[in-house]
Amino acid sequence: MMCDFLFSLVCTGEIFELKAELNSDKKEKKKEAVKKVIASMTVGKDVSALFPDVVNCMQTDNLELKKLVYLYLMNYAKSQPDMAIMAVNTFVKDCEDPNPLIRALAVRTMGCIRVDKITEYLCEPLRKCLKDEDPYVRKTAAVCVAKLHDINAQLVEDQGFLDTLKDLISDSNPMVVANAVAALSEIAESHPNSNLLDLNPQTINKLLTALNECTEWGQIFILDCLANYTPRDDRESQSICERVTPRLSHANSAVVLSAVKVLMKFMEMLPKDLDYYGTLLKKLAPPLVTLLSAEPELQYVALRNINLIVQRRPEILKHEMKVFFVKYNDPIYVKLEKLDIMIRLASQANIAQVLAELKEYATEVDVDFVRKAVRAIGRCAIKVEQSAERCVSTLLDLIQTKVNYVVQEAIVVIKDIFRKYPNKYESVIATLCENLDSLDEPEARAAMIWIVGEYAERIDNADELLESFLEGFHDESTQVQLQLLTAIVKLFLKKPTETQELVQQVLSLATQDSDNPDLRDRGYIYWRLLSTDPVAAKEVVLAEKPLISEETDLIEPTLLEELICHIGTLASVYHKPPSAFVEGSRGVQHKRLPGSSAAGVSEAPPAVIPSQGDLLGDLLNLDLTPPTTTGPPPPASSGMQMGAMDLLGGGLDSLVLLCDPQMGTGFGAPPAAMPASFNVPVSGGLDDLFDLGVSLEIPNKMIFVSVQVWLPAMKAKGLEISGTFVRRAGVIQMEMTLTNKAMSVMTDFAIQFNRNSFGLAPAGPLQVLTPLSPNQSIEAALPLSTVGPVMKMEPLNNLQVAVKNNIDVFYFSCQYPISMLFAEDGKMERQVFLATWKDIPNDNESQFQIKDCHLNSDAASNKLQGSNIFTIAKRTVEGQDMLYQSMKLTNGIWVLAELRVQAGNPNYTVSTICLVLEICRIIN
């Protein structure tokens, strides 16, 4: 306590001395005092008590002293806002100083003083400096605007500084241009929807001109800005690439990576058969190779970026394999990254070189590196089929070394090789079994158990081997326990008489003695399968395994596209998008390569749809007597349900199950008089929802299609049927006009539908209450349900109808718009939307254009909502509004869409995606 008191006395005495020196008349003494103050401030001492005295020293012509005072001001202005106002007059005065260095220093300090009270006083000096005759002052003022915008965005916009900043892009000095671009980019990042950098060919030309003359950091700012531009066509893209290419030879690695980013993006728009495309690929390799001669930290950053580039375009570095060979003195983080890139570049042409290197690495002393090297050999075998035998031979040689961790890694990768090439390399199993006792790592033990279970019929003592693992079952990791359970069940299904006791033992351990829910559940499933239907158990457990993919560690394509757009930034080192590690509003704007879509990629197989068969003939067998029920139509299915109600929920696979097996698929040929489709086809797509063929009345939640003639009188003995489809309050109706153009009265009307894709069926009888006299017309509304029998039609929205009266039975077909089937509960949660889009295969995406529509994005969204197409999210990218929408069909199938609306462009671009590809096509 006494020490603290004495220290405070010393500090008080020191501050008193400094105060006296700061008020000295001698300039040198005053300067030395300010230096002492700055020194004390630097080491963490509180010298804020000297604020008024230091501010008084601002009135000087000495540039060095002025710099020191400004430095003090920046540090303490926030804690002394009232005192900081004292400096405002000096700033204003210094901004008009004849010396441009002092003017620039004043405006720079103004930007760094983050005090709301004084910002409004600094607007006039800043405005003058933005139009200063000296470029050094202008470039400093440009950065000051970005700093001021961070403090008070509204003030900057009101004062018109953003417009002045845009004007500076046309400045004659390249460094002013670079700083203006940097400031606008900084502001645009924190306000993604502001569209500040409105890039056009004229602006791009100015930036490219400035690119050659500004400093290295100015070049980086300009290149990063260029990377956000989307060229109009391949010619403009090539022109920009030609002017950016010289930056690849720059000495600064950041400039090189920024140039690579621009070229990688614009290459997407170049035709691959273009000569320049091949030339550009060759030019990209040398600068990337040169980056690997720098110090280890820079090497690592370069390697992480190269890893992304190789995944997108491996042809760039396919001839540069030797550059990635590991050196003895490389740090471990560089070694591991080089190893990963080597595998990505491995091909039939260079596999011999790669394997020789990897075998050498497997004898190194660094355990982590050796493990990765052994795994890399396995990855080579999986990637390059021609080298698989050589890789297996290399792995066997490594197993013979008896080095424990090498043996265990080798067994893990051999398991993957067995899965890639079944029944090809099983001769090595005996060698693997010899090393069974040395395995102590869970992954290696699980791999060995999998091998024994999978090839139990080829291993004489498989039961003994698995029983040895079973002895310490409860001490094993969950991974090993699960694998052991499955392996013993496989063994039992292959050798039931010899292993009955063993399988009962493991099932008992898994279900009765285990606390792990995953293990218990799997044990119960196997137990019930084996006890109720051993044949089914065999089909499930011994089913043919899918081959593993060549590279399982590739970055997901959508993420890779975004990371390519962030080459040279922290995102490219982390291999994560900025939104994953940058807090707040900055960095959340997702970037994509030209021509890409928002869809994710999934490995799910496409849905299989059963064939239609001869369906028109089915109408001959229909019972056309009027239904006896007259109640209201049953409600449409509101979601994906189980059993018979899952009409299309499983991607149309369940259609076969819903058809009556006794009815068959063909019912003979239709009668000769039976007409084909007479109506004008209804597209049923999204075009119609914008009044391009279909009328909408949103306020009443009613959707209807313009009237079509479905059955001409000349084809139906004088009966003409015209009509439309209407959706009112969630109920679909078929509204018809029946006209009698014959000479006799028509009575006893009835209607029936053939089986169709969405189970549309009459929910009640056709109500024609009076006889239909000659030349008379009657309106009839037929409510429809969506729980009728299902069979895939061609096209999907085709509806085949039979109408009976006292004269004959008549047939016609019509097409209902798919929008009639959009349910009212089709609004999906945002997170569910994102996950669903990613889960649908990329091949299921379909894109089309809606032309001559003059609605803005908000009006379009409102219009579509009236048709039960709900907007989930909206964002603006480079002046283009993007609406993400969901809709749900009455059978529970979800359709997702992305609608792009460009201001001033009457043509919309729509991307739709759905688990059932045919649905997307019919919507288009």
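In the block above lies the structure referred to throughout.
The following paragraphs examine the structure supplied in this document. (Residues numbered from 1 in each chain as written. Predicted model: local features only at pLDDT ≥ 70, side-chain atom pairs only at ≥ 80, totals over all residues. Heavy atoms only, no water.)

A short note on the nonpolar core
Selection criterion: Joining through side-chain atoms within 4.5 Å is the link that ties buried Ala, Val, Leu, Ile, Met, Phe, Trp, Tyr and Cys residues into a set, and such a set is a nonpolar core. In this scheme, a residue with accessible area under 20% of its type's maximum is buried, one over 50% is exposed, and one in between is partly exposed, where area comes from a 1.4 Å probe on protein chains only. Contacts are assigned to residue pairs with any non-hydrogen atoms lying within 4.5 Å of each other.
By size, the foremost hydrophobic cluster in this structure holds 207 residues, and its most contacted members are Tyr72, Phe91, Leu126, Leu207, Val244, Leu358 and Phe418. Other than its neighbours up to four places away in sequence, Phe91 contacts Met58, Tyr70, Leu73, Ala106, Thr109, Met110, Ile113 and Leu122. Of all hydrophobic cores here, the second largest spans 58 residues; its members include Ile850, Cys853, Val895 and Val916.

Quick word on the sheet that holds strand β12 (residues 870-877)
Our working rule: Only strands joined by at least two bridges in the DSSP assignment are considered to pair. Secondary structure elements follow DSSP: runs of H or I no shorter than four residues count as helices, runs of E no shorter than two count as strands, and numbering proceeds from the N terminus. As a rule, the C-alpha atoms of each element are fitted with a line to give its axis, helices using only the stretch in contact, and angles between N-to-C directions run from 0 to 180 degrees.
If you trace the five strands from one edge of the open sheet to the other, you get β11-β15-β14-β13-β12, paired in antiparallel fashion. Whereas interior strands pair on both sides, the edge strands pair on one side only; in this sheet they are β11 (845-850) and β12. Sheet twist, expressed as the average angle between the axes of neighbouring strands with direction ignored, equals 20 degrees. Each of β12, β13 (880-888), β14 (894-902) and β15 (908-914) is contacted by helix α35 (residues 830-839), which is oriented at about 100 degrees to β14, the strand it contacts most.

Describing the sheet that holds strand β6 (residues 750-753)
The sheet built from three strands is open, its strands ordered β6-β9-β10 with antiparallel pairing. Edge strands, defined here as strands with exactly one partner in the open sheet, are β6 and β10 (809-815). Pairwise comparison of adjacent strand axes, ignoring direction, gives a mean angle of 25 degrees for this sheet. Of the strand pairs in this sheet, β6 and strand β9 (residues 798-804) are connected by four bridges, and their pairing is antiparallel. Residue pairing across strands places Gln752 opposite Ala802, the latter belonging to β9.

Thoughts on the packing of helix α30 (residues 517-532) against helix α31 (residues 534-541)
So the rule is basically this: An angle below 35 degrees is treated as roughly parallel, one above 145 as roughly antiparallel, one from 65 to 115 as roughly perpendicular, and anything else as oblique.
Here α30 crosses α31 at 135 degrees, and the two axes come no closer than 6 Å. Taken together, the axis directions place α30 and α31 in an arrangement best described as oblique. Of the residues in α31, those in contact with Tyr526, Leu529, Leu530 and Thr532 of α30 are Pro534, Ala536, Ala537, Val540 and Val541.

Describing a negative patch on the surface
Test applied: Candidates for patches are residues over 30% relative accessible area with no salt bridge; among them, like charges are joined within 9 Å and nonpolar side chains (Val, Leu, Ile, Met, Phe, Trp, Tyr) within 5 Å. The protein chains shown are the only cover counted for residues, whose accessible areas, like all others here, come from Shrake-Rupley with a 1.4 Å probe. Salt bridges, as used here, are contacts in which a Lys or Arg side-chain nitrogen is within 4 Å of a carboxyl oxygen on Asp or Glu. Residues counted as positive are Lys and Arg, residues counted as negative are Asp and Glu, and His and the chain ends are not counted. To locate a charge, take NZ of a lysine, CZ of an arginine, CG of an aspartate or CD of a glutamate.
Taken together, the side chains of Glu464, Glu467, Glu471 and Glu501 present a region of like negative charge at the surface. Here Glu467 is to be found in helix α27 (residues 462-470).

Section: the environment of Gln733
Summarising the element assignment, Gln733 is placed in strand β5 (residues 731-740). Taking the C-alpha atoms as reference points, Gln733 and Leu784, separated by 51 residues in sequence, lie 5.6 Å from one another. Apart from the residues within four sequence positions on either side, Gln733 is in contact with Thr724, Phe725, Val726, Arg728, Leu782 and Pro783.

Side note on helix α14 (residues 201-211)
In an α-helix, one turn spans 3.6 residues, which is why side chains three or four residues apart end up on the same side. Just so we agree on the cut-off: Throughout, the arc means the angular range of directions from the helix axis out to the C-beta atoms.
Of all the residues in α14, the buried ones are Thr203, Ile204, Leu207, Leu208, Ala210 and Leu211. In a view along the axis of α14, the buried residues occupy a sector of 160 degrees, so they form one face of it. Elements in contact with the buried residues of α14: α13 (174-190), α15 (216-226) and α16 (234-244).

Describing the pairing of β5
Of all ten residues that make up β5, eight are buried, and the element is covered over most of its length. Relative to β5, strand β4 (residues 719-728) is paired through ten bridges, and the arrangement is antiparallel. Each bridged residue has a counterpart across the sheet, and for Phe725 the counterpart in β5 is Met734. Counting the residues between successive antiparallel strands, the hairpin from β4 to β5 contains two residues, one of them, Ala729, with a positive phi of roughly 50 degrees. Where β5 meets strand β8 (residues 777-785), eight bridges bridge the pair, whose relative direction is antiparallel. Bridging across to β8, Thr739 finds its partner in Ser777.

Some words on the packing of aromatic side chains
What counts here: When the centres of two rings from Phe, Tyr and Trp lie within 6.5 Å, Trp using its six-membered ring, the rings pair. Their planes under 30 degrees apart give stacked, over 60 give edge-to-face, and anything left gives tilted. The criterion is that NZ of a Lys, or CZ of an Arg, lies within 6 Å of the ring centre and within 35 degrees of the ring normal, and then a charge sits over that ring.
Tallied over the entire structure, the rule returns eleven aromatic pairs. Considering the side-chain rings of Phe418 and Tyr455, the 5.4 Å spacing of their centres and the 75 degrees angle between planes classify their relative orientation as edge-to-face. Residue Phe418 is located in helix α24 (residues 404-420), and its partner Tyr455 is located in the loop between α26 (442-454) and α27; the two are separated by 37 residues in the primary sequence. Each of the two residues, Phe418 as well as Tyr455, counts as buried. Taken together, a centroid distance of 5.7 Å and an interplanar angle of 50 degrees make the contact between Phe833 and Trp837 tilted. Here the residue Phe833 and the residue Trp837 both occupy positions in helix α35, the gap between them amounting to four residues, near one helical turn. Residue Phe833 shares its accessibility class with Trp837, and that shared class is buried. Through pairs of rings, three or more aromatic residues link up here, namely Trp710, Phe725, Phe812 and Tyr816. The side chain of Lys335 reaches across the aromatic face of Phe369, ending 5.2 Å from its centre.

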